[in-house]
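Topology and contacts: notes
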Amino acid sequence: MPPRFRLLSVLVLTSSVLACATRGATPTSEPSTNPPMTTPSSLDSSAEQYVKLVLAVGQHDGNYVDAYYGPEAWAKEAEAAKLPLPEIAARAAALVKAVEDVPVPDDALVAMRRRFLLTQLSALAARVRMLSGERLKFDEESQALYDARDSQHTEAEFEALRAGLDELVPGQGPLTERLERFRQGFVIPKDKLDPVFRAAIEEARRRTLKYVTLPAHETFTLEYVTGKPWGGYNWFKGNATSLIQVNTDLPIFILRAIDLAAHEGYPGHHVYNALLEQHLVRERGWVEFQVYPLFSPMSLIAEGSANYGIDVAFPDAEAYLRDVLFPLAGLDPKRAADYVRMESLSEKLSYAGNEAARRYLDGTMSREAARDWLVRYALISPERAAQRMAFIDTYRSYVINYNLGRDLVKQYVERQAGPEATPARRWEVFRELLSSPRLPSDLR
Ligand SMILES: [Zn+2]
């Protein structure tokens, strides 16, 4: 999902790629000295068991394994064994114990790896409990799965933001309808979608490659799809290759081209996955990064960095829209400033989506009331609110990863880079984050 108003679209990350397992990168083999019970090598055997457990959970939950490009034999093994949930839970508990028994390594990155495995395993155990029928409250669930929780939000907070938009789009009728009419002037015509998206992705790529070194063969495929609960998706295939899909069920506003290019592609999901593969899987042989469990702390880092990445890549979004994408889409460049102002005000409403999800999933608000809440406080059309509810039904507290994730990543990078940071320094901190096993709780 996108920054600016990026709550409203619904972008998830990478995907399951069992079919592509053979194309994927095999880790650069185990280190030649591989004593089973010493640090850090003993983390290696736990890491392999962790991957196998993630694949086992995937047999019970079709959305769980978002990407996998490890050995095909492991995928087949998981499919054949189809371990029952109680058995997975027992193995996860034993594995936690094994990792805990490994002394905290001196090397900071290896220590982070150990903590990563423990936190990911804890999230896996929580997902198994959910699949076994346990109901968690929204905040408990997000803490258990994503290592973070969003604070509660009130109507008053969003009413104040509505007032700012009300001034921007004066006139008769409900504000959501006025905004929707205003936005209709910034829809990318269907026949311009592909050239606009390709231009934005190419520009995002060019800007990213100035600061981030990617494998020379990195590449992606772009596809247009319909009938999905999300707005865009990046399916990572391994070997620095992605499939980026754009959902065209609803009209697509011009800012989404930048959002999507940066969020799904550069420096978002495609780059995050490619850097983890390059630095952790290939250079270090850390097999656990060949699998991506969607309902896990990795997703807060992934979605948060993908959304923050839009600002990193396009600090001049308004000028780029006005000078390049508006003309390409046949839109009037003179209207770019008003449009961007509307989008940046709307973006601040994104937390209304978390609140709707919280109340709906906790049972204090009906599905219909939650949809109406989205129309009123997130200021999106009933059609988009319906798409949003379908997303919440499927992904639940995952919604916090977009906006809370973005804010946590932004604060982290700005703190690390310092207040006077040059763009190069900001990119450097950002790139390091994307190449590390850093967890949401490490961002604070
Ligand atoms: Zn995403």
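That block above? That's the structure.
Description of the structure in this document. (Residues numbered from 1 in each chain as written. Predicted model: local features only at pLDDT ≥ 70, side-chain atom pairs only at ≥ 80, totals over all residues. Heavy atoms only, no water.)

1. A short note on the overall build of the chain
The condition that has to hold: Numbering goes from the N terminus for both helices and strands, where a helix is a DSSP run of H or I of at least four residues and a strand is a run of E of at least two. Accessible area is worked out with a 1.4 Å probe on protein chains only. A residue is then buried under 20% of its type maximum, exposed over 50%, and partly exposed in between. Any two residues whose heavy atoms approach within 4.5 Å are treated as being in contact. All accessible-area figures derive from a Shrake-Rupley calculation using a 1.4 Å probe, and residue coverage is judged against the displayed protein chains alone. The convention is simple: Lys and Arg are positive, Asp and Glu are negative, and His and the chain ends are not counted. In plain terms, the charge of a residue is placed at NZ if it is Lys, CZ if Arg, CG if Asp and CD if Glu.
The helix and strand inventory of the chain stands at 18 helices and six strands. Viewed in the frame of its principal axes, the chain has a C-alpha envelope of about 70 × 50 × 40 Å. When the 444 residues of the chain are sorted by exposure, 60% land in the buried category. Of the contacts made within the chain by residues no fewer than 6 positions apart, 75% connect residues no fewer than 24 positions apart. Of the roughly 16,900 Å² that the chain leaves accessible, carbon and sulfur atoms contribute 51%. Positive and negative side-chain charges in the chain, numbering 53 and 59 respectively, have mean positions lying 2 Å apart.

2. Section: the side chain of Glu218
Quick reminder of the rule: Each polar contact in these results corresponds to two N or O atoms within 3.5 Å; when the atoms are within protein, one needs to be able to donate a hydrogen and the other to accept it, and residues that are neighboring in sequence are counted only if both atoms are side-chain atoms.
Topologically, Glu218 is positioned in the loop between α8 (193-209) and β3 (219-225). For Glu218, the side chain forms a polar contact with the side chain of His270, separated by 2.8 Å.

3. Quick word on the layout of surface pockets
This is how it is decided: Using a grid of 1 Å spacing that covers the protein atoms alone, one calls a set of points a cavity when a 1.4 Å probe fits there but cannot get out, and a pocket when the set is open and has protein on both sides within 12 Å along at least five of seven lines; lining residues are those with an atom within 4 Å of a point. Grid points are joined across faces, edges and corners, and a volume is the space filled by probe spheres set on the points. In this classification, Asp, Glu, Lys and Arg are treated as charged, Ala, Val, Leu, Ile, Met, Phe, Trp, Tyr, Cys and Pro as nonpolar, and every other residue, Gly included, as polar.
Empty space within the largest pocket amounts to approximately 210 Å³. As for the largest pocket, its lining consists of Gln49, Lys52, Leu53, Leu55, Ala56, Trp74, Glu77, Ala78, Ala81, Leu83, Arg91 and Leu95. If you list the elements that add at least two residues to the lining of the largest pocket, you get α1 (41-58), α2 (72-81) and α3 (85-100). If one sorts the elements of the lining of the largest pocket by residue count, α1 sits on top with five residues. Here the lining of the largest pocket is built from residues that sort into eight nonpolar, one polar and three charged.

4. Thoughts on the pattern of salt bridges
Note the following rule: The salt bridge criterion pairs a side-chain nitrogen of Lys or Arg with a carboxyl oxygen of Asp or Glu, the two atoms within 4 Å.
Using the criterion set out here, one finds 35 salt bridges in the structure. Ionic pairing is found between Asp61 and Arg127, a salt bridge with its closest N-O pair at 2.9 Å. Highlighted residues: Asp61 in the loop between α1 and β2 (65-68) and Arg127 in helix α4 (residues 108-131), separated in sequence by 66 residues. The same class applies to Asp61 as to Arg127, namely buried. Where Arg183 meets Glu180, a salt bridge forms, and the shortest distance between an N and an O atom there is 3.7 Å. Of the two residues, Arg183 and Glu180 both sit in helix α7 (residues 175-184), three residues apart, roughly one turn of that helix. Within this structure, Asp139, Glu155, Glu355, Arg358 and Arg359 form a network of salt bridges that share partners.

5. Brief notes about empty space enclosed by the protein
Across all of its chains, the model carries three cavities of 30 Å³ or more by this definition. By volume, the second largest cavity is sized at about 50 Å³. Ala67, Tyr69, Asn273, Leu276, Phe289, Val291, Tyr292 and Met298 together form the lining of the second largest cavity. For the lining of the second largest cavity, the secondary-structure elements that each account for two or more residues are α10 (269-282) and β6 (291-293). A class-by-class count of the residues in the lining of the second largest cavity yields seven nonpolar, one polar and no charged.

6. Describing the packing of helix α12 (residues 317-329) against helix α13 (residues 336-347)
Rules: Angles here are taken between N-to-C directions and fall from 0 to 180 degrees, while the axes themselves are lines fitted to C-alpha atoms, restricted in helices to the stretch in contact. Note that the term roughly parallel is reserved for angles under 35 degrees, roughly antiparallel for angles over 145, roughly perpendicular for angles of 65 to 115, and oblique for everything else. The hand of a helix crossing depends on one turn: near helix anticlockwise from the far one by less than a right angle means left-handed, and clockwise means right-handed.
Between α12 and α13, the shortest axis-to-axis distance is 9 Å and the interhelical angle comes to 130°. Here α12 is positioned oblique relative to α13, judged by the angle of their axes. Of the two possible hands of crossing, α12 and α13 adopt the one that is right-handed. Together, Glu318, Leu321, Arg322 and Phe326 of α12 and Ala336, Ala337, Tyr339 and Val340 of α13 make up the contact between the two elements. Class assignment for the residues of the contact of α12 with α13 results in six nonpolar, no polar and two charged.

7. Points about the nonpolar core
Under the convention used in this document: Buried Ala, Val, Leu, Ile, Met, Phe, Trp, Tyr and Cys residues that are joined via side-chain atoms within 4.5 Å together make up what is termed a nonpolar core.
Counting residues in hydrophobic clusters, the biggest one holds 149 residues, and the most contacted among them are Ile88, Leu124, Ile254, Ile258, Leu325 and Tyr339. Those residues in contact with Ile88 that lie beyond four places of it in its chain are Leu53, Ala56, Val57, His60, Leu83, Leu124 and Val128.

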